[in-house]
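# Structural characterization, general
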Amino acid sequence: MPKAVTRRSRRARAAAPSHNGHAAAGHVKDIGLAREGRLRIEWAERSMPVLRAIRSRFAKERPLKGLRIAACLHVTTETANLARTLQAGGAEVFVCGSNPLSTQDDVAAALVAHYGIPTFAIKGEDHKTYYSHIVSCIEARPHLTMDDGCDLVTVLHTKLKPYLRGVFAGTEETSTGVTRLRAMAANGVLRYPVVAINDADTKHLFDNRYGTGQSTMDGILRATNMLIAGATVVVIGYGWCGRGVATRAKGMGATVVVAEINPLRALEAAMDGFQVISMAEAAPRGDLFVTLTGNKSVLRREHFAAMKDGAIVANSGHFNVEIDIPALERLSTSRRTVRNFVEEFKLRSGRRVYLLGEGRLINLAAAEGHPAMVMDMSFANQSLSVEFLARKAKTLKREVYRVPQAIDEQVARLKLRSMGITIDTLTPEQDKYLRSWSEGT
Ligand SMILES: NC(=O)c1ccc[n+]([C@@H]2O[C@H](COP(=O)([O-])OP(=O)(O)OC[C@H]3O[C@@H](n4cnc5c(N)ncnc54)[C@H](O)[C@@H]3O)[C@@H](O)[C@H]2O)c1
């Protein structure tokens, strides 16, 4: 094992005696995958110029010196580059997966072996192991949490409360996590301020829409190799992610129908050119159903029962609760795996329904998640928000905060520059005009 790992593992053990049997340097599937992981991490780094620029500044200024960060994120090549950025800023970073099926085992191995970052994540880990990995990160006694879906924060606020004492702030990556945190703040149980990365414009407008749009189709194609052209694709939830998937599926030649519960979003989908119908109408029509709501039992018993033979159901929302899998099981006489990430449920009616990726986010289960080019912005927001919290958390309340506007704009500006795009600036006359009220027609 390389020296860095041994050094780090000793330090981690000193900081965080492990009670759950995992070596403090991490718990990964196969450390032998590290070389492959490193190559892929470097490949992603090429498409992350904003994060690279932040990393070189962090390396000089060390704004995160002395900070311990517990990061519960999808363990992908892009996340590895975020962890390296935080590490360059002086932080000690501990990583665990934010979903049992989204870990890239070669990346987890490389984080441990090449970058000395204790990582606790194995693709396909069971429920118990998933939570024990979160516990391992919390046992590192973080000062700051970085979550994707709020599972780590929930464990910290329920089962491991003593560790709350050392935590002064956190960040949250995704819509579902922000929803949970807002509920915690409203119930008065949130114990430290959290910045909602998802709410930055340079996050949800791009990551959720273009990232999820493309990578969800990628996951579905890798799992099924189905032809999208000519298929009827039912997109459930027309939020940022749903907009992305609907647009990509349309571009590939599908007939796209949208199901929504929010009248404004439904109206927007209709005027974007999609047919908006109820799930009762959509169930017998769809060839492929994709849930992106952040809600539970969006596809349920009555929908499965009405689906045509061969219908495919997939989820790209955060948790595996959007498709009511127990209900599908109850309707079925058999369940078998027919391809990687494809399970066939034979219904009593004789019809077959195919479930992708155990109902977990299909873009990360069957593909590689979002392209690095878009994660560049999300993780630039993460890095700069951690820097902001390191300086300002003491002035904040136990609430959920937006990413400061200045950070959002800085990320957009850096991204534009990296893309070679120059934009205009206001003339002094225009600037004055926009700030005045006296001039009319
Ligand atoms: N797969 C990924 O990589 C990825 C990336 C980003 C976000 N997410 C997750 O995707 C989910 C959606 O995120 P978002 O940013 O689009 O959220 P959003 O809030 O913008 O959109 C969710 C939409 O679903 C609708 N909805 C809720 N319940 C519904 C129901 N029963 N039927 C139909 N529509 C319903 C809401 O009205 C809303 O318009 C969240 O769980 C989020 O955490 C996944």
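Structural data are supplied above this passage.
Cut-off values and rules
- Residues numbered from 1 in each chain as written.
- Predicted model: local features only at pLDDT ≥ 70, side-chain atom pairs only at ≥ 80, totals over all residues.
- Heavy atoms only, no water.
- Near = heavy atom within 4 Å.
- Polar contact = N/O pair within 3.5 Å; in protein donor to acceptor, adjacent residues only side chain to side chain.
- Areas by Shrake-Rupley, 256 points an atom, 1.4 Å probe, with all protein chains shown as cover.
- 1 Å grid on protein atoms, 1.4 Å probe; cavity = no way out; pocket = protein on both sides within 12 Å on 5 of 7 lines; lining within 4 Å.
- Sits in = over half its atoms within 2 Å of the grid points.
- Helix = DSSP H or I, 4+ residues; strand = E, 2+ residues; numbered from the N terminus.
- Nonpolar A, V, L, I, M, F, W, Y, C, P; charged D, E, K, R; others polar.
- Pairing = 2+ DSSP bridges.
- Contact = heavy atoms within 4.5 Å.
- Axes fitted to C-alpha atoms, helices over the stretch in contact; angles between N-to-C directions.
- Patch = residues over 30% accessible without salt bridge, like charges linked within 9 Å, V, L, I, M, F, W, Y side chains within 5 Å.
- Salt bridge = Lys/Arg side-chain N within 4 Å of Asp/Glu carboxyl O.
- Lys, Arg positive; Asp, Glu negative; His and termini not counted.
- Charge placed at Lys NZ, Arg CZ, Asp CG, Glu CD.
- Buried < 20%, exposed > 50% of the residue type's maximum accessible area, 1.4 Å probe, protein only.
- Core = buried A, V, L, I, M, F, W, Y, C linked by side-chain atoms within 4.5 Å.
- Phe/Tyr/Trp six-rings, centres within 6.5 Å; stacked < 30°, edge-to-face > 60°.

### Points about the site of the ligand
- Near the ligand there are 27 residues, and of these T174, S175, T176, E260 and N363 occur at the shortest range.
- At 3.1 Å, a side-chain N or O of N295 approaches a nitrogen atom of the ligand.
- Computed on the free molecule, the ligand has an accessible area of 860 Å², of which 87% lies beneath the protein chains in the complex.
- Using a 2 Å cut-off from the grid points, one finds that the ligand occupies the largest pocket.
- Listing elements by their share of the shell around the ligand, those giving two or more residues are α8 (175-186), α9 (201-224) and α10 (240-251).
- Class assignment of the residues belonging to the shell around the ligand gives a composition of nine nonpolar, 16 polar and two charged.

### Thoughts on the side chain of S215
- With respect to the helices, strands and loops of the structure, S215 is situated in helix α9.
- One polar contact links S215 to H370, side chain to side chain, over a distance of 3.1 Å.

### Re the sheet that holds strand β2 (residues 68-73)
- Overall, parallel pairing links the eight strands, which are arranged β1-β4-β3-β2-β5-β6-β7-β16 in an open sheet. The strands lining the two open edges of the sheet, one partner per strand, are β1 (26-27) and β16 (400-402).
- Here β2 pairs with strand β3 (residues 92-97) via six bridges, running parallel. Across the sheet, residue L73 finds its bridge partner in β3, namely G97.
- The sheet strands contacting helix α4 (residues 77-88) are β2, β3 and β5 (144-147), and the helix crosses β3 at an angle near 160°.
- Relative to β5, helix α7 (residues 151-158) is tilted by about 135°, and along the sheet it contacts β2, β3 and β5.

### Section: the sheet that holds strand β12 (residues 311-315)
- Pairing is mixed across the open sheet formed by eight strands, whose spatial order is β10-β9-β8-β11-β12-β15-β14-β13. Unpaired on one side and paired on the other, β10 (275-276) and β13 (332-339) mark the two borders of the sheet.
- Bridge count for strand β14 (residues 342-347) against strand β15 (residues 352-356) is five bridges, and the pairing is antiparallel. For F345, the partnering residue across the bridge sits in β15 and is V353.

### Focus: a positive patch on the surface
- Among the surface-exposed residues, K161, R165, R191 and R398 lie close enough to one another that they form a single positively charged patch.
- Counting through the fold element by element, R165 comes out in the loop between α7 and β6 (169-172).
- Using a relative accessible area of 73% as the deciding quantity, one classes R165 as exposed.

### Focus on the pairing of strand β8 (residues 232-236)
- The buried fraction of β8 is high, at five of five residues.
- Neither face of β8 is exposed, since T232, V234 and I236 on one face and V233 and V235 on the opposite face are all buried.
- Where β8 meets strand β9 (residues 255-259), five bridges bridge the pair, whose relative direction is parallel. Residue V235 lies in a different strand from β9, and its bridge partner there is V258.

### Some words on the nonpolar core
- Of all hydrophobic cores here, the largest spans 51 residues; its most connected members are L86, L111, M146, V386 and L389.
- If one sorts the elements of this core by residue count, helix α16 (residues 372-392) sits on top with ten residues.
- Contact partners of V386, with chain neighbours within four places excluded, come to L64, L67, I69, L86, L144, M146 and T171.
- Counting residues in each nonpolar core, the second largest holds 28 residues, with A249, V258, L292 and A366 among its members.

### Thoughts on the packing of aromatic side chains
- Under the counting rule described, the total for this entry stands at three aromatic pairs.
- On the basis of an interplanar angle of 80° and a centroid distance of 5.0 Å, the ring pair of Y130 and Y131 is categorised as edge-to-face.
- Between Y238 and F274 the ring centres are 5.8 Å apart and the planes differ by 65°, which places this aromatic pair in the edge-to-face class. Here F274 lies in the loop between α11 (263-271) and β10 and Y238 lies in the loop between β8 and α10, a separation of 36 residues in the sequence.
- A residue is classified by how much of its surface remains accessible, and Y238, at 1% relative accessible area, is buried.

### So, unusual backbone geometry
- Within the chain, C150 stands out as a residue other than glycine whose phi angle is a positive 75°.
- Along the chain, the position of C150 falls in the loop between β5 and α7.
- Backbone geometry places N225, a non-glycine residue, at a positive phi of 55°.
- Considering the arrangement of structural elements, one finds N225 in the loop between α9 and β8.

### Regarding the pattern of salt bridges
- Under the counting rule described, the total for this entry stands at 23 salt bridges.
- The closest approach of N and O atoms between R57 and E61, which form a salt bridge, is 2.8 Å. One end of the pair is R57 and the other is E61, both in helix α3 (residues 49-61) and four residues apart, which spans about a single turn.
- Its relative accessible area of 24% is what places R57 among the partly exposed residues.
- Overall, E61 belongs to the partly exposed group, its relative accessible area being 48%.

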